[in-house]
Amino acid sequence: MNSKYEYDSATVQSFFDNYYHDRGKMKWQGFYLSDHTAALNQQMKKIQHTNKLRQEQTNAEITKFLMQSFTYNQIVKVQLNICDTNNEVEADLTGEVSGYDDDLFYLDSGKKFHLGDVRNVEVVA
């Protein structure tokens, strides 16, 4: 079988040893799907987002803002003094105070919390 293109293992080896540059992982980057990259970006945003501790308020200040929300249907952001497993403050609870019972407050978003767990309350303008 004498063809125009003869297989020469020495030539092939010389090519891979001296001229071929393997791009490693770079050649696989084109295989990521758009929804996979979107999920990775969303996960990165979540990792980078940390809640900053706001100044701790007194119970009187906290109660004033919560009652203001209840009376005037104002939206509040409630920061609890509870940390997650990474020792970071959990996300704020947001909504209008729809009711309360002793030291238990209810938001219209369905969340509830105890007055003793609250660190800071802000009225959302």
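Please refer to the structure higher up on the page.
Residues numbered from 1 in each chain as written. Predicted model: local features only at pLDDT ≥ 70, side-chain atom pairs only at ≥ 80, totals over all residues. Heavy atoms only, no water.

If you look at the biggest cluster of nonpolar residues, it comprises 13 residues, and the most contacted ones within it are Leu 66, Val 78, Phe 113, Val 118 and Val 121. Where this core is concerned, the elements lending two or more residues are helix H3 (59-72), strand E1 (75-80), strand E2 (93-101), strand E3 (104-107) and strand E5 (118-123). Leaving out residues up to four positions away in the same chain, Val 118 has contacts with Ile 62, Val 78, Gln 79, Leu 80 and Phe 113. (Core = buried A, V, L, I, M, F, W, Y, C linked by side-chain atoms within 4.5 Å. Buried < 20%, exposed > 50% of the residue type's maximum accessible area, 1.4 Å probe, protein only. Helix = DSSP H or I, 4+ residues; strand = E, 2+ residues; numbered from the N terminus. Contact = heavy atoms within 4.5 Å.)

As a further point, take the pairing of E1. Bridge analysis of E1 against E2 gives four bridges, and the strand direction is antiparallel. In the strand pairing of E2, Lys 77 is matched with Thr 94. Pairing of E1 with E5, which is carried by five bridges, proceeds in the antiparallel orientation. In the sheet register, Lys 77 faces E5, and the bridge partner there is Glu 122. (Pairing = 2+ DSSP bridges.)

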